[in-house]
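Reading the structure
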Amino acid sequence: ADLKVRGQPVAMVPHQEGLFVAGSEDDDALAQMAGLALDLGQQPLGLSAQTFILTVGGWQPWQPAPERPCAPSLTAALLPEQARAYDRQKALIEAQAEVDGVEQEVAPFVVLRDDERQLVTATVWVEGTEPLLARASRIAFATREGAEGDQLKAIALPWDEAAALPGVCLTRTDATPERWRASGFPPFAALDASR
């Protein structure tokens, strides 16, 4: 509370060996903190880029308003933690399916850079499967090609746009982090038209 920051103290612990504090009204410092946290979050011993603000009642989870300049950076800083959570969940669901003797396709959660070099998240739905999709910003619809079906052709669309395509049925499960059961599959003509 005695730190000289603009606004209220905001803290995060993105790594076992790192604690960052900035002011809630200092967009430049918060964005710099987020950039460092994104790098540290991908290292061994990475923890969480969740931000907390010091209030009269103690430390509370905090995110800036979406229109603030620092908001995209702070959201991106959470991606390594989110990816680790989805990886752990995927392994657990697959292990339980094996114990139960059932086949269950569990789609990965991946973090990529788009054509504008912005970080985006995606989950992959391969034609002919009914996967549990991770809740990502995009769904990558993939179909098998090649003489032996060993190559994939994929088209990625924003989640809401993909969910509205003909032939797509998504049903939310009670899993945390968020998973959706997918069934059907859109015709590739509809995918090409949506791009």
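Residues numbered from 1 in each chain as written. Predicted model: local features only at pLDDT ≥ 70, side-chain atom pairs only at ≥ 80, totals over all residues. Heavy atoms only, no water.

**Observations concerning unusual backbone geometry**
Pro177 follows Thr176 through a cis peptide bond whose omega is 0 degrees. Despite not being glycine, Leu45 shows a phi value in the positive range, around 70 degrees. Locating Leu45 in the fold gives a position in the loop between helix H1 (27-41) and strand S3 (46-55). A relative accessible area of 45% places Leu45 in the partly exposed class. (Helix = DSSP H or I, 4+ residues; strand = E, 2+ residues; numbered from the N terminus. Buried < 20%, exposed > 50% of the residue type's maximum accessible area, 1.4 Å probe, protein only.)

**Quick notes on the confidence of the model for the chain**
Per-residue confidence for the chain gives a mean pLDDT of 90, with 94% of residues at or over 70. Per-element mean pLDDT across the chain ranges from 67 in helix H5 (residues 188-194) up to 97 in strand S7 (residues 132-134). (pLDDT = per-residue confidence, 0-100.)

**A few points about empty space enclosed by the protein**
Applying the stated criterion to the full structure yields one cavity of 30 Å³ or more. Of the pockets and cavities examined, the largest cavity occupies roughly 40 Å³. Lining the largest cavity, in full, are Pro14, Ala37, Gly41, Leu47, Ser48, Ala49, Ala77, Pro80, Glu81 and Arg84. When residues of the lining of the largest cavity are traced back to their parent elements, those giving at least two are H1, S3 and helix H3 (79-100). Looking at the lining of the largest cavity residue by residue, the classes come out as six nonpolar, two polar and two charged. (1 Å grid on protein atoms, 1.4 Å probe; cavity = no way out; pocket = protein on both sides within 12 Å on 5 of 7 lines; lining within 4 Å. Points joined across faces, edges and corners; volume = space filled by probe spheres on them. Nonpolar A, V, L, I, M, F, W, Y, C, P; charged D, E, K, R; others polar.)

**Regarding the nonpolar core**
Trp125, Leu133, Ile139, Phe141 and Leu170 are the most contacted members of the largest nonpolar core, which has 16 residues in total. Core analysis: the second largest hydrophobic core is formed by 14 residues, Met12, Ala22, Ala49 and Leu74 among them. (Core = buried A, V, L, I, M, F, W, Y, C linked by side-chain atoms within 4.5 Å.)

**Observations concerning the layout of surface pockets**
Size it by volume and the largest pocket reaches roughly 250 Å³. In terms of lining, the largest pocket is formed by Pro72, Ser73, Thr75, Ala76, Leu79, Gln82, Phe109, Gln118, Leu119, Val120, Thr121 and Ser137. Secondary-structure elements contributing two or more residues to the lining of the largest pocket are helix H2 (71-77), H3 and strand S6 (119-126). A total of four residues in the lining of the largest pocket trace back to one element, the largest contributor, which is H2. Its residues assigned to classes, the lining of the largest pocket comprises six nonpolar, six polar and no charged.

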